[in-house]
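In case you want the letters, here they are:
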Amino acid sequence: MRFEDLKKLNEARATRKAVVTVTDLATGEAQVLVESGSVGAPLGEAVAKALRSGKAGAVDVEGQALFLNVYLPPPRIVVIGAVHISQALARLAPVAGYDLTIIDPRTAFATEERFEGVELVADWPEDVLKQHPLDAYTALAAVTHDPKIDDFPLSQALKSGCFYVGALGSRKTHAKRVERLMEMGHSEEEITRIAAPIGLDIGAATPAEIALSTLAQIVQAFRRRDLVTGR
Amino acid sequence: MTAPDMLDPLKTAETWKSDGREVAIATVVETWGSAPRQAGSHLVIDGEGNFEGSVSGGCVEGAVITEALDVIASGNAKMLEFGVADETAWRVGLSCGGRIQVFVERLG
């Protein structure tokens, strides 16, 4: 691979663009295709398939042995609530390769000091999500257990097909939340997509352990998502 | 440098090359059976044998690094294969029983 191509690849990845590289295994010649929707046949079909599945692999195109590598934007975690759990999650997520944003309108919680180097927005989710909508490559974890802050983003996450939707709170808290979401027009079936209480059941007791169990649950949801429907 | 940068071998390769170091990139292109790293995974190596990333669970990296130094010296890309059926199985085979193909090229 040429150095110019590597720089192009890294730049595209840094800006959350999907990239496919095509390497001729006989010569080592490589091509870097950035969010390319217009690759001619017969290579185009293989490129489209790689982008859909996210899987790299060797392909034979008209007698040429090619290797297609795929670099999809890393999944993003949006955390509602700049709480103790979020502090731990903000440190764990980058290690696992997940981008992370924290939203909390309570400026006492959302401080630079508590979240050094983390993308933190001290504003209401209603306003932030208008600018940066949720999508299928986003996981939403609501951890304030304050309905005024959590309910709107949870509802948006269900509507936007986030690959993961989780909410902190006891079963009792969640039962009330379910009632409120139904009043907001969500069906029971939709609401069952919400992981609550949040996190895989590993007996997590501390904020850091709850963050770890939540991240594990997010990874599980991402790796097992249904690629066919795009979720 | 933040955590994800440290764990991103392709960014490391760019930094190394910018610093004037010779770099080889090893990529898993095919796997059969149980393989620890999926196709597309990278290991990057510099002329001194420093490396970042992985192509297996630590089973064959040593051999790939040795080959990478050859590739850096000659400039010719190589396809390597590792697995239980391989003659190198005792030394650097995959203990998990899988088989992998690794493409090693010099960053030009």
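If you're wondering where the values come from, they're calculated on a predicted model, not measured in any experiment.

K.L.:
Mind laying out the overall build of chain B, listing which residues take part and the relevant values?
P.N.:
Helix and strand counts for chain B come out as four helices and five strands. Taken from N to C terminus, the helices and strands of chain B fall in the order α-α-β-β-β-α-β-α-β. Residues classed as buried in chain B amount to 44% of the 108 residues present. For chain B, long-range pairs separated by at least 24 residues make up 50% of all intrachain contacts whose partners lie at least 6 apart in sequence.

K.L.:
How would you summarise unusual backbone geometry if you had to cite specific residues and measurements?
P.N.:
Residue and element names in this part refer to chain A. Omega for the bond connecting alanine 196 with proline 197 falls within 30 degrees of zero, at -5°, which places this linkage in the cis form. Non-glycine residue glutamate 62 carries a positive phi angle of around 50°. Along the chain, the position of glutamate 62 falls in the loop between β3 (57–61) and β4 (64–71). On the accessibility criterion, glutamate 62 (71% relative accessible area) is exposed. Backbone geometry places histidine 145, a non-glycine residue, at a positive phi of 40°. Relative to the helices and strands, histidine 145 resides in the loop between β8 (138–142) and α5 (147–160).

K.L.:
Before we move on, can you summarise the pattern of salt bridges with the specific residues and values?
P.N.:
Throughout the structure, instances matching the rule amount to ten salt bridges over all chains. For aspartate 99 of chain A, the salt bridge identified is with arginine 16 of chain A, shortest N-O distance 2.6 Å. Of this pair, aspartate 99 of chain A sits in strand β6 (residues 99–103) while arginine 16 of chain A sits in the loop between α1 (3–14) and β1 (19–24); the two residues are 83 residues apart in sequence, bridging distant segments of the chain. Take arginine 16 of chain A: its relative accessible area is 22%, and that puts it in the partly exposed class. The closest approach of N and O atoms between aspartate 151 of chain A and arginine 180 of chain A, which form a salt bridge, is 2.5 Å. Within this pair, whereas aspartate 151 of chain A is found in helix α5, its partner arginine 180 of chain A is found in helix α6 (residues 171–183), the two being separated by 29 residues in sequence. Through salt bridges with shared partners, one network takes in Glu67, Asp70 and Lys78 of chain B.

K.L.:
How would you explain empty space enclosed by the protein if you had to name every residue and give the values?
P.N.:
Counted by the stated rule, this structure contains one cavity of 30 Å³ or more. As a volume, the largest cavity reaches approximately 90 Å³. Every residue along the wall of the largest cavity is listed here: Met1, Thr21, Thr23, Phe67, Asn69 and Tyr71 of chain A together with Ile25, Thr27, His42, Phe103 and Glu105 of chain B. At the level of secondary structure, the elements contributing two or more residues to the lining of the largest cavity comprise β1 and β4 of chain A together with β1 (23–32) and β5 (99–106) of chain B. Per-element tally for the lining of the largest cavity: the top contributor is β4 of chain A, with three residues. Here the lining of the largest cavity is composed, by residue class, of five nonpolar, five polar and one charged.

K.L.:
Run through the environment of leucine 92 of chain A, naming residues and quoting values.
P.N.:
Residues and elements named next belong to chain A. Considering the arrangement of structural elements, one finds leucine 92 in helix α3 (residues 84–95). With 116 residues separating them along the chain, leucine 92 and alanine 208 place their C-alpha atoms 9.1 Å apart. Ignoring any residue separated from it by four or fewer positions in sequence, one finds leucine 92 in contact with Ala208, Ala211, Leu212 and Leu215.

K.L.:
Pulling in residues and values, what's your account of the confidence of the model for chain A?
P.N.:
Residues and elements named next belong to chain A. Looking at chain A as a whole, its pLDDT mean stands at 92, while 96% of the residues score no less than 70. Per-element averaging of pLDDT across chain A places helix α2 (residues 43–53) at the bottom with 87 and strand β9 (residues 164–167) at the top with 98. Counted against residues more than four places away or in other chains, residues 227–231, with its pLDDT under 50, gives six contacts.

K.L.:
Can you explain the packing of aromatic side chains? Please cite residues and give values.
P.N.:
Counting across every chain of the model gives three aromatic pairs over all chains. These aromatic residues form a ring-pair network of at least three members: Tyr98, Tyr137, Phe163 and Phe222 of chain A. A cation sits over an aromatic face here: arginine 106 of chain A above phenylalanine 109 of chain A, 4.0 Å from the ring centre. A cation over an aromatic ring shows up here: arginine 99 of chain B above the ring of tryptophan 32 of chain B, its NZ or CZ 4.3 Å from the ring centre.

K.L.:
Describe the UniProt feature "domain: XdhC- CoxI" (unreviewed entry) in chain B, naming the residues involved and giving the relevant values.
P.N.:
Mapped onto the present numbering, the UniProt feature "domain: XdhC- CoxI" (unreviewed entry) falls at residues 16–83 of chain B. Taken end to end, residues 16–83 of chain B is 25% helix and 35% strand, and its two terminal C-alpha atoms sit 30 Å from one another.

K.L.:
Give me the lowdown on the sheet that holds strand β2 (residues 30–34) of chain A, citing residues and values where you can.
P.N.:
By way of backbone hydrogen bonds, the strands of a sheet pair with one another, either parallel or antiparallel. Residue and element names in this part refer to chain A. If you trace the four strands from one edge of the open sheet to the other, you get β2-β1-β4-β3, paired in antiparallel fashion. Only two strands of the sheet have a single neighbouring strand rather than two, namely β2 and β3. Each strand of the sheet is rotated relative to its neighbour by a mean of 25°, with strand direction disregarded. Pairing analysis gives five bridges linking β3 to β4, with the strands arranged antiparallel. Residue pairing for β4: alanine 58 is matched across the bridge by phenylalanine 67. Those strands touched by α2 are β1, β2, β3 and β4, and its axis lies near 30° from that of β4.

K.L.:
Explain helix α3 (residues 61–74) of chain B residue by residue, including any values.
P.N.:
Residues and elements named next belong to chain B. With 14 residues, α3 extends 20 Å between its outermost C-alpha atoms, agreeing within 8% with the 20 Å of an ideal straight helix rising 1.5 Å per residue. For α3, every residue scored as buried is listed here: Glu61, Ala63, Val64, Ile65, Ala68, Val71 and Ile72. The first or second residue beyond α3 is glycine 75, which carries a positive phi of 80°.

Analysis parameters
Residues numbered from 1 in each chain as written. Chains lettered and ligands numbered in written order. Predicted model: local features only at pLDDT ≥ 70, side-chain atom pairs only at ≥ 80, totals over all residues. Heavy atoms only, no water. Helix = DSSP H or I, 4+ residues; strand = E, 2+ residues; numbered from the N terminus. Buried < 20%, exposed > 50% of the residue type's maximum accessible area, 1.4 Å probe, protein only. Contact = heavy atoms within 4.5 Å. Salt bridge = Lys/Arg side-chain N within 4 Å of Asp/Glu carboxyl O. 1 Å grid on protein atoms, 1.4 Å probe; cavity = no way out; pocket = protein on both sides within 12 Å on 5 of 7 lines; lining within 4 Å. Points joined across faces, edges and corners; volume = space filled by probe spheres on them. Nonpolar A, V, L, I, M, F, W, Y, C, P; charged D, E, K, R; others polar. pLDDT = per-residue confidence, 0-100. Phe/Tyr/Trp six-rings, centres within 6.5 Å; stacked < 30°, edge-to-face > 60°. Lys NZ or Arg CZ within 6 Å of the ring centre and 35° of its normal. UniProt positions renumbered as here; feature names shortened; annotations may be inferred. Pairing = 2+ DSSP bridges. Axes fitted to C-alpha atoms, helices over the stretch in contact; angles between N-to-C directions. Expected span 1.5 Å × (residues − 1).

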